[in-house]
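Structural overview
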Amino acid sequence: MGRETALPLTFLARMAALLDEEFVPFMAALNQTPVPAIRINTLKISVADFAACSPWPLTPIPWCEQGFFLDRKANAGTHPFHDAGLYYIQDPSTMAVATLLAPQPGQRVLDLCASPGGKTTHMANFLAGQGVLVANDIDRSRAEVLRRTLERWGTRNAVVLNESPERLAARWPGAFDRVLVDAPCSGEGMFRKNDDARTYWSEAHVQGCALRQTGILDSAAQLVRPGGRLAYATCTFAPEENEGVIWRFLQSHPDFELVEPRWLSGFAAGRPDWVAWPAAGEPSDAPALSPPAELASTVRLWPHLAQAEGHFIAILQRTGDETPFLWQPASATDLSKADRQAVDTFWEPLIDLPLPQRLTLHTRDEHTAELLALTDDAPDTSGLRTVRPGWHLGTLRKGRFEPSHALAVALTSDQVANRLDEPAGSELVARYLRGETLPVDGPAGWLLVTVAGFPLGWGKRVGSTIKNHYPRGLRWG
Ligand SMILES: C[S@@+](CC[C@H](N)C(=O)[O-])C[C@H]1O[C@@H](n2cnc3c(N)ncnc32)[C@H](O)[C@@H]1O
């Protein structure tokens, strides 16, 4: 596969020095086209049921039970099952991170650098709807992408924030059972897919990334409860950003230790022998240290050793007294009688699921407010840049309730009384996803459009046509 931008020469020289005789197979792998892969959304469908209706042959990924390699010809990005959120198209290597961090249902989980949300959605599946998933990204527009990803995924227990790690650490010290730092990095592991990563790469960028990663990890450490776990991941090969960052972290955080990972097929050990101390950025007269052997308990994925892009993962456990931090829960709002009536008028005849008890209203203007459901343990996010404090159910506009897309795709079709169901290849499905009005008779009012039984979005029937409420930003071009 030829890419337009050549690999940086200094990068090649560094890798040749590190990899020695493995350099030739490494380069051969860098010149191959990556194999596409998907991860099944077990919030919506079991792996076995997906396999039974899969449009493509599925080849298991050894380090992710819900992950599968696809044929290169598979049209996974343009299939309606993608719009229904049945799977996430994801680099196979990145699926290893949540596998190793393994959040448990009911836990408080924080994804600190989360957008576009691949690993967040994977962790949502581990939580299986129980507990709280706080997903954060410092970049405002990327935090919006993250919100959309989590909505399509059908998560009901996610809180989406657009904050700095420092402010979160000050707000919720020791609050989380699991924290993930999928750090911004020099992206060498993406060189096979992404010309931009090749263009931006320089040795100075690698050193700058390592410093930034250290800062983010310092905040992340404060957010983990004693006994809780912190995952650090990058998609680069550079030892400075991987073993080097973890070594520096262990020196400044004696209350953390590396967890021995499950050694799954395709995983290679971290390389203590590739880092030195003092590292760049430390005073050069600092005493020289030998790297600790336990850095080999970090995981590397290599394109020449697994069908994967480059990835690095470290799982760290915080030691100490396991006293949980009690955070301030988000407070629910009592709806006015008129608002409650508007919601009930939509909900009661159509939705076979009790209206969530803890609700909050987010006022947009004088006539418009968004209605959100809060999980029992949702944290109070007032004062933080909050993109979504809970599950968006819909919008109250001038005394009427309009259901949201996030509600449609987090329901199951048997929870909605009025539906239009079509098979995946149906022209009506394509027309719906393009945003067209559908000429289909039936009972008037709101209905859920589903593909093979899986929700795609809302429509509203007037006479013998269904008005299309599929969000404009998601429509097929
Ligand atoms: C490697 S990407 C994350 C990919 C994501 N975890 C996934 O699996 O889809 C790194 C993200 O970190 C964000 N980021 C950069 N600096 C950050 C910081 N100081 N705090 C939080 N997020 C940050 C970037 O905006 C970017 O979205």
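Cut-offs used in this document
- Residues numbered from 1 in each chain as written.
- Predicted model: local features only at pLDDT ≥ 70, side-chain atom pairs only at ≥ 80, totals over all residues.
- Heavy atoms only, no water.
- Salt bridge = Lys/Arg side-chain N within 4 Å of Asp/Glu carboxyl O.
- Helix = DSSP H or I, 4+ residues; strand = E, 2+ residues; numbered from the N terminus.
- Buried < 20%, exposed > 50% of the residue type's maximum accessible area, 1.4 Å probe, protein only.
- Pairing = 2+ DSSP bridges.
- Axes fitted to C-alpha atoms, helices over the stretch in contact; angles between N-to-C directions.
- Contact = heavy atoms within 4.5 Å.
- Left-handed = near helix turned anticlockwise from the far one by under 90°.
- Nonpolar A, V, L, I, M, F, W, Y, C, P; charged D, E, K, R; others polar.
- Domains from an automatic or database assignment.
- Arc of directions from axis to C-beta.

Let us look at the pattern of salt bridges. Per the counting criterion, the structure on display carries 26 salt bridges. For glutamate 322, the salt bridge identified is with arginine 225, shortest N-O distance 3.6 Å. Of this pair, glutamate 322 sits in the loop between β13 (311–318) and α12 (337–350) while arginine 225 sits in strand β9 (residues 224–234); the two residues are 97 residues apart in sequence, bridging distant segments of the chain. Accessibility expressed as a relative area gives 15% for arginine 225, which makes it buried.

For sheets, the rule is that strands pair by backbone hydrogen bonds, running either parallel or antiparallel. One open sheet holds the 4 strands; their spatial order is β19-β20-β21-β22, and the pairing between them is mixed. Where the open sheet ends on each side, the last strands, each with one partner, are β19 (419–422) and β22 (465–468). In this sheet, adjacent strand axes meet at a mean angle of 35° when their direction is disregarded. With 4 bridges connecting them, β19 and strand β20 (residues 445–451) associate as parallel partners. Counterpart to aspartate 421 in the pairing with β20 is threonine 450.

Here we take up the sheet that holds strand β3 (residues 64–69). Pairing within the open sheet is antiparallel, and its 4 strands lie in the order β2-β3-β1-β4. One side of each edge strand has no neighbouring strand; the edge strands of this open sheet are β2 (59–61) and β4 (87–89). With strand direction ignored, the average angle separating the axes of adjacent strands in the sheet is 35°. Inspection of the sheet shows β2 paired to β3 by 3 bridges, in the antiparallel sense. Bridge pairing in β3 links isoleucine 61 to cysteine 64. Across the face of the sheet, helix α6 (residues 118–127) comes into contact with β1 (37–40), β3 and β4 while running at roughly 35° to β1. Helix-sheet contacts for helix α7 (residues 140–153) involve β1 and β4, and the interaxial angle to β4 is about 145°.

Turning our eyes to something else, we now look at the pairing of strand β17 (residues 391–397). Buried residues dominate β17, accounting for 6 of its 7 residues. Note that strand β15 (residues 368–373) and β17 share 6 bridges and pair antiparallel. Each residue of the ladder has a partner; that of alanine 373, found in β17, is tryptophan 391. The pairing of β17 with strand β18 (residues 400–403) spans 4 bridges and is classified as antiparallel.

Turning next to the packing of α6 against α7. At a closest axis distance of 10 Å, the pairing of α6 and α7 adopts a crossing angle of 35°. Of the two possible hands of crossing, α6 and α7 adopt the one that is right-handed. For the pair α6 and α7, the contacting residues are Thr120, Thr121, Ala124 and Asn125 in the first and Leu146, Thr149, Leu150 and Trp153 in the second. In terms of residue class, the contact of α6 with α7 is made up of 4 nonpolar, 4 polar and no charged.

Quick look at the domain arrangement of the protein chain now. When the domains of the protein chain are assigned, the result is domain 1 (94–318), domain 2 (328–411) and domain 3 (413–477). Each of domain 1 and domain 3 was reduced to a C-alpha centroid, and the two centroids are 40 Å apart.

Turning to helix α1 (residues 9–19), a few remarks are in order. Regarding α1, the residues found buried are Phe11, Leu12, Arg14, Met15 and Leu19. Seen end-on, α1 carries its buried residues on one side only, within an arc spanning 165°. Residues of α1 that are exposed and point more than 90 degrees away from the buried face comprise Leu9 and Ala17. The inward-facing, buried residues of α1 abut α2 (23–30) and α10 (203–223). Residue aspartate 20 follows α1 closely and has a positive phi angle near 55°.

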